[in-house]
Amino acid sequence: MAQVSVHGTPPAVAGAARLLALLSLAEFLGLALWLSASAVIPALTREWSLSPSMQAWMTNAVQLGFVTGALTSALLNLPDIFPSRIIFAVSAILGAAVNAAIPLWARGPEAAIPLRFLTGFCLAGVYPTGLKILATWFRRNRGMALGIMVGALTVGTALPHLIAAVGSPDWRVTMLAASGLSVIAAILALTAIHEGPFRTPAPRFQWKYALHLWRDPALRLANFGYLGHMWELYGMWAWLPLFLFESFRAGGTGGSSAASLAAFAAIGAGGAGCAVAGVLADRLGRTTVTIASMIISGACCLLIGMLFGGRAAAVVTVTMIWGFAIVADSAQFSTSITELGDPAYTGTALTMQVAAGFLLTVVSIRLLPVAVALVGWRYAFSALALGPAAGSYAMWRLRLRPESARMAGGMR
């Protein structure tokens with residue numbers, strides 16, 4: 001007879017729900033580091049006289065650091081060989097330290113940009129490691145579980161914008177607060193988080209598995225879908241706050257605090273998007289949900305510029321829809337990889353996927369200020385629509401392959 005708890009809930013299920021809540025909280029707190037500098041770009045620009053290029057590098061340095069850390073981790077199979085909670089905790093603590101060094105020590109972008117690179121390097125041990133831990137707890141409803149966790153870290157990523165909007169006007173306080181939250185995430189990982197019943201034995205070191213992800217047709221298409229998604233996502237996340245600030249100023253409807261609050265609401269809306277998409281993907285199929293999400297977000301890329309300088313209510317409404325849809329599909333690309341790949345190398349596969357995606361974001365983040373200079377805010381975001389168009393095509397191709405029957409219990 002199956003063992004049940006006093007409340008009639010199987011212990012494994014109850015433990016999975018508890019782990020999902022704790023891990024989501026840890027990711028929420030740890031990912032506050034990501035946009036901690038981007039959230040205070042207007043203040044940094046005033047104090048350090050940042051050029052548009054330097055503004056872009058304050059975010060791109062994190063992306064490049066993350067890619068470097070993720071590639072190192074994937075090629076060495078670190079997420080599958082070493083205890084995941086230790087990797088998570090150490091990475092969160094080190095990330096908090098180097099991020100805090102910016103307000104405490106840096107006096108300009110020359111010092112801040114390398115520190116942002118190191119912050120991203122450390123975050124490579126937080127985000128994909130969390131995905132790997134959660135995959136060891138869920139087989140059924142895995143898309144829902146990963147969707148909830150990615151939703152939590154999405155809100156955590158947006159959190160610095162809220163701190164900047166309602167907290168101290170000093171940018172140093174915002175960045176130090178983000179570091180403090182990451183330390184709490186590390187403590188949670190060490191004391192309350194561990195891998196679940198579907199954990200596989202540590203595999204032998206095999207650096208070539210990272211390359212297998214691009215040789216296998218089904219895995220390759222899932223990764224191409226993810227790349228299309230990532231081309232759009234961080235270009236939007238990085239530059240939406242400045243777009244809102246400039247739009248509100250042009251329309252005479254608000255300043256930096258209003259822009260920060262609107263950016264938090266738009267990016268934070270993705271938290272709900274991830275949770276809703278996770279539930280739907282388990283029931284309707286991963287390719288169905290990812291394609292629908294990318295069609296909606298791609299349409300917003302084309303529409304938002306037309307509203308620049310217009311009524312704030314209209315701008316905020318579209319950015320909320322965009323923020324909801326743009327990240328809703330994110331966890332489903334990761335879930336697809338866990339279902340299509342070798343379970344023994346789930347951590348390596350997830351880490352390699354996000355490394356490729358974040359490497360691409362360096363291009364889109366750098367492209368946006370160039371596009372603004374050439375065509376203005378009215379058309380700049382249109383360049384991001386190429387990503388969801390290509391990603392939707394890749395996921396449609398994956399849907400036609402027989403391997404896709406392994407996704408979402410056969411719902412594809």
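Heads up: the structure comes first, above all this text.
So, here is what we can say about the structure in this document. (Residues numbered from 1 in each chain as written. Predicted model: local features only at pLDDT ≥ 70, side-chain atom pairs only at ≥ 80, totals over all residues. Heavy atoms only, no water.)

### Points about the overall build of the protein chain
Next up, step 1: If you tally the helices and strands in the protein chain, you get 18 helices and zero strands.
Next up, step 2: Whereas a compact globule of 412 residues would reach a radius of gyration of roughly 22 Å, the protein chain reaches 20 Å, a difference of no more than 12%.
Next up, step 3: Referenced to the eigenvectors of the C-alpha coordinate spread, the extents of the protein chain come out at roughly 65 × 45 × 45 Å.
Next up, step 4: Of the roughly 15,400 Å² that the protein chain leaves accessible, carbon and sulfur atoms contribute 69%.
Next up, step 5: Here the protein chain contributes 26 positively and 14 negatively charged side chains, and the mean placements of these two sets differ by 4 Å. (Helix = DSSP H or I, 4+ residues; strand = E, 2+ residues; numbered from the N terminus. Rg over C-alpha atoms; globule rule 2.2 N^0.38 Å. Areas by Shrake-Rupley, 256 points an atom, 1.4 Å probe, with all protein chains shown as cover. Lys, Arg positive; Asp, Glu negative; His and termini not counted. Charge placed at Lys NZ, Arg CZ, Asp CG, Glu CD.)

### Section: helix α3 (residues 52–75)
Next up, step 1: Taking 1.5 Å of rise per residue, the 24 residues of α3 would be expected to cover 34 Å, and the 34 Å separating its terminal C-alpha atoms lies within 8% of that figure.
Next up, step 2: Its axis deflected by about 35 degrees at T59, α3 carries its strongest bend there.
Next up, step 3: Just beyond α3, the residue with positive phi is N77, at close to 60 degrees. (Expected span 1.5 Å × (residues − 1). Bend = angle between axes of the 7 residues up to and from the residue.)

### A look at the side chain of S330
Next up, step 1: Relative to the helices and strands, S330 is located in helix α15 (residues 330–340).
Next up, step 2: Look past the residues within four positions of S330 in its chain and what remains in contact with it is Y127, V150 and H229. (Contact = heavy atoms within 4.5 Å.)

### Observations regarding the packing of α3 against helix α16 (residues 346–375)
Next up, step 1: Taken N-terminus to C-terminus, the directions of α3 and α16 make an angle of 165 degrees; their axes are 8 Å apart at the nearest point. On the basis of the axis angle, α3 is roughly antiparallel to α16. Note that α3 runs across α16; the crossing there is left-handed.
Next up, step 2: When the residues that make up the contact of α3 with α16 are grouped by side-chain class, the tally is 16 nonpolar, eight polar and one charged. (Axes fitted to C-alpha atoms, helices over the stretch in contact; angles between N-to-C directions. Parallel < 35°, antiparallel > 145°, perpendicular 65-115°, else oblique. Left-handed = near helix turned anticlockwise from the far one by under 90°. Nonpolar A, V, L, I, M, F, W, Y, C, P; charged D, E, K, R; others polar.)

### Details of the nonpolar core
Next up, step 1: Grouped together as the largest cluster of nonpolar side chains are 104 residues, with contacts concentrated most on W34, F66, L134, W237, L244, F358 and F381.
Next up, step 2: For this core, the element with the highest residue contribution is helix α11 (residues 217–251), accounting for 18 residues.
Next up, step 3: Among all residues touching L134, those that are not within four sequence positions of it are L19, L20, L23, A145, L146 and M149.
Next up, step 4: Counting residues in each nonpolar core, the second largest holds 19 residues, with A43, L44, A61 and A101 among its members. (Core = buried A, V, L, I, M, F, W, Y, C linked by side-chain atoms within 4.5 Å. Buried < 20%, exposed > 50% of the residue type's maximum accessible area, 1.4 Å probe, protein only.)

### What about a nonpolar patch on the surface?
Next up, step 1: A contiguous nonpolar patch, built from L303, M306, V370, L374, V375 and Y379 and spanning about 570 Å² of accessible area, is present on the exposed surface.
Next up, step 2: Counting residues per element, the nonpolar patch draws most heavily on α16, which supplies three residues.
Next up, step 3: Summarising the element assignment, L303 is placed in helix α13 (residues 286–304). (Patch = residues over 30% accessible without salt bridge, like charges linked within 9 Å, V, L, I, M, F, W, Y side chains within 5 Å. Salt bridge = Lys/Arg side-chain N within 4 Å of Asp/Glu carboxyl O.)

### Considering the environment of C274
Next up, step 1: Along the chain, C274 turns up in helix α12 (residues 256–284).
Next up, step 2: Apart from residues lying up to four places away in sequence, C274 is in contact with G147, V150, G151, T154, V327 and A328.

### Concerning α16
Next up, step 1: Taking 1.5 Å of rise per residue, the 30 residues of α16 would be expected to cover 44 Å, and the 43 Å separating its terminal C-alpha atoms lies within 8% of that figure.
Next up, step 2: Along α16, the sharpest kink reaches roughly 25 degrees, centred on L368 and followed within four residues by the proline P369.
Next up, step 3: Note on α16: the residue one or two positions beyond its end, G376, has a positive phi of about 80 degrees.

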